[in-house]
Amino acid sequence: MSTEHARGLPPEFLAPRSSSFTEFLSLRAPELLPGGGLRGGGEGTVEAPHGTTIVALTFAGGVLLAGDRRATMGSFIANRDMEKVFAADDYSAVGIAGTAGTAIEMVKVFQVELEHYEKIEGTLLSLEGKANRLAAMIRGNLANAMRGLSVVPLFAGFDLGQGIGRIYSYDVSGGCYEEQRHHSVGSGSLFARGALKKLWHEDMAEEVALAVAIEALYDAADDDSATGGPDLGRSIWPTCAVVTGTGVRLVEDSQLEELARAVVSARRGNPGGAR
Amino acid sequence: MTMPMYVSPEQLMKDRADFARKGIARGRSVIVASYATGIAFVAENPSRTLHKVSELYDRIGFAGAGKYNEFENLRVAGIRYADLRGYSYDRRDVTARGLANAYTQTLGTIFTQESKPYEVEIAVAQVGAVQDDDQIYRLTYDGSVTEERGFVAMGGTSEPIVTALREQWAPDLPLAQVLRLACSLLEGPEGEGHRDLSAGELEVAVLDRRRPRRTFRRLGGPLLDALLDAESSTHDVPTQDESRSGLHDTLTQPGTNGNGSAEPADGIPGRGQTPGHDSSNPQTQRED
């Protein structure tokens, strides 16, 4: 394109380039990238709300991802009903632990990235491809992570080629690791992992897997002050996304309430819970 | 040194327009038509993978006729425009009018300033909550844009198709009738030049106003066969996708709505309802 268009599509819109939205964004409007506009502050860390515990586990027909609702800033509860588990596209979901603001931006751009690829190419990215795109975004956030604005997502999706649910975890440097059966990230993950290890078994039905996820989140909230437990008074339940061959579905609050109430009442007089 | 020959601007533009029109007329036609529960895109296109019709955004679709690489270029630019706008503002701030304006400027500049004008005609259509809110824009090689009511036919020999649509199209036709009408018009009049088109030679997609968020669906397989079959009782697409792996393709068996239960006879459930809004902020995205 030889000339600048007055109000039409600027040349970079028409240029032949990759199908990546992030790549396009970094050329066209880098300030809109997650953390892209963060300047100043210099050395030292920034205080911002943090999300805490996310669990993921596979079951007979797919994989599920669940997260508590608390965001903390130091010892202070910044938000009681924050959503930390999102549908990334039709066949995958992402849960976030770490700096909430940056993480939510990252989820937003990741969602657009997957949809953008799908529209331009006319086909879905492979699950591995999606996991790798997310890794690249976390790698791009490394400078912010050094300032205390780290994001650690947990990615789960249904592999349409193999017909199974798979889980991917990440580190702050963008390392992407496939996890077997179950995994947890965030401050309460130590306790959630213990619960998952004991309660997970082969070929669980979806309802059983949901109950296991809620038990694990309960255990995390029990021992980690930054993780929020089921809030019976305010009716705040964990967020849960189920991914199967028919797509991703966020579990209804009514079903979560029933499960959470069952876990709480089963633990009355039996703080150790299911085993 | 040879003196450049003087060509009047009038003649120059006329030559360019003739050149572009000739290129467009070589291709096959595309029809975009509004129907009771959405907007249908019908193109004669034997390829399963090189599309003339595409999704631009949640409620906006694209159709191109003419030179493939040129309208493909515009399609990708439109997706970039829509996704960037939806990402930096909100999903509801992406409109067909905005896209049409961006396209018209771009095509106009290319027509007057590039060494060769684009040999394309494109349509940008946005499905509304009710049929009166449907918007269909037709853009031509020189950047002129018109908002059309009800339907658009582009490419190939589109004049007789437009004339026939003006006589036979009605706003409240069900999808099956619109598709059969479009198919018969693409086949051409009886006699010379008439071709029998089967479902496999057509590229068909809809923007279904009853769906939340992404309304674009490609139609194929047994569902398209049933919709094109005058004997069949299938009038419309199911509002829910079939439980199967894959993209947003509606390939459902006729008579089911994706849950295995029977489709209502008229196939128009929930007509006129305002679709739920999905925000682009993940924190407010749930539809409760």
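Conventions and cut-offs
Residues numbered from 1 in each chain as written. Chains lettered and ligands numbered in written order. Predicted model: local features only at pLDDT ≥ 70, side-chain atom pairs only at ≥ 80, totals over all residues. Heavy atoms only, no water. UniProt positions renumbered as here; feature names shortened; annotations may be inferred. Helix = DSSP H or I, 4+ residues; strand = E, 2+ residues; numbered from the N terminus. Buried < 20%, exposed > 50% of the residue type's maximum accessible area, 1.4 Å probe, protein only. Contact = heavy atoms within 4.5 Å. Areas by Shrake-Rupley, 256 points an atom, 1.4 Å probe, with all protein chains shown as cover. Patch = residues over 30% accessible without salt bridge, like charges linked within 9 Å, V, L, I, M, F, W, Y side chains within 5 Å. Salt bridge = Lys/Arg side-chain N within 4 Å of Asp/Glu carboxyl O. Pairing = 2+ DSSP bridges. Axes fitted to C-alpha atoms, helices over the stretch in contact; angles between N-to-C directions. Buried area = accessible area lost by both parts, 1.4 Å probe. Polar contact = N/O pair within 3.5 Å; in protein donor to acceptor, adjacent residues only side chain to side chain. Nonpolar A, V, L, I, M, F, W, Y, C, P; charged D, E, K, R; others polar. Phe/Tyr/Trp six-rings, centres within 6.5 Å; stacked < 30°, edge-to-face > 60°. Lys NZ or Arg CZ within 6 Å of the ring centre and 35° of its normal.

Chain B is annotated in an unreviewed UniProt entry as Proteasome subunit alpha from Ornithinimicrobium faecis. Chain B has a UniProt comment under Pathway (unreviewed entry) that states "Protein degradation; proteasomal Pup-dependent pathway."

The name given to chain A in an unreviewed UniProt entry is Proteasome subunit beta, and the organism recorded there is Ornithinimicrobium faecis. The heading Catalytic activity (unreviewed entry) in the UniProt record of chain A holds the text "Cleavage of peptide bonds with very broad specificity."

1. As for the overall build of chain B
Scanning chain B for helices and strands turns up 6 helices and 11 strands. Expressed as a percentage of its 288 residues, the buried residues of chain B come to 55%. Sequence separation of at least 24 residues holds for 66% of the intrachain contacts in chain B that already meet a minimum separation of 6. For chain B, the exposed surface amounts to about 12,900 Å²; the carbon and sulfur share of it is 50%.

2. Side note on a nonpolar patch on the surface
There is a patch of nonpolar side chains on the surface, built from L142(A), M146(A) and V172(A) and spanning about 280 Å² of accessible area. Secondary-structure assignment places L142(A) in helix α5 (residues 142–146).

3. Focus on the sheet that holds strand β6 (residues 135–140) of chain B
Residue and element names in this part refer to chain B. Taken together, 5 strands build an open sheet; the order of strands is β3-β4-β5-β6-β7 and the sheet is antiparallel. The open sheet terminates on both sides in strands that have one partner only, identified here as β3 (53–57) and β7 (145–148). Strand-to-strand, the axes of this sheet are offset by a mean angle of 25°, without reference to chain direction. Of the strand pairs in this sheet, β6 and β7 are connected by 4 bridges, and their pairing is antiparallel. Looking at β7, one finds that Y137 is bridged to E147. Most of the contacts of helix α2 (residues 68–88) go to β3, to which it runs at about 20°, and overall it touches β3, β4 (60–66) and β5 (120–126).

4. So, the interface of chain B and chain A
On the chain A side, the residues contacting the 39 residues of chain B number 45 residues. Carbon and sulfur atoms make up 55% of the area that chain B and chain A hide from each other, which totals about 3,800 Å². Run the count over chain B and chain A and you get 4 salt bridges. A salt bridge links R214(B) to E118(A), with the shortest nitrogen-to-oxygen separation between them at 3.1 Å. In this structure, the connection of chain B to chain A is made through 13 residue pairs in polar contact (both at pLDDT 80 or more). Residue assignment for the side of chain B that touches chain A shows that the elements contributing at least two residues are β3, α2 and α3 (96–113) of chain B. Ranked by residue count, the leading element in the side of chain B that touches chain A is α2(B), at 12 residues. Residues belonging to the side of chain B that touches chain A are distributed by class as follows: 13 nonpolar, 15 polar and 11 charged.

5. Brief notes about the packing of aromatic side chains
Taken as a whole and assessed by the stated rule, the structure comprises 9 aromatic pairs over all chains. On the numbers, 5.7 Å between centres and 80° between planes, the contact of F110(A) with F155(A) is edge-to-face. Of this pair, F110(A) sits in helix α3 (residues 100–121) while F155(A) sits in strand β8 (residues 151–159), and the two are 45 residues apart along the sequence. Judged by relative accessible area, which is 0%, F110(A) ranks as buried. A centroid spacing of 6.2 Å and a plane angle of 40° characterise the contact between F155(A) and Y168(A), whose relative ring orientation is tilted. Taken together, the residues span a long stretch of sequence, with F155(A) in strand β8 and Y168(A) in strand β9 (residues 164–170) at a distance of 13 residues. The exposure class of Y168(A) is buried, given its relative accessible area of 1%. A network of ring pairs unites the aromatic residues F110(A), F155(A) and Y168(A) as a single cluster. Across the ring face of Y87(B), the terminal group of K108(A) is positioned such that the distance to the ring centre comes to 5.1 Å.

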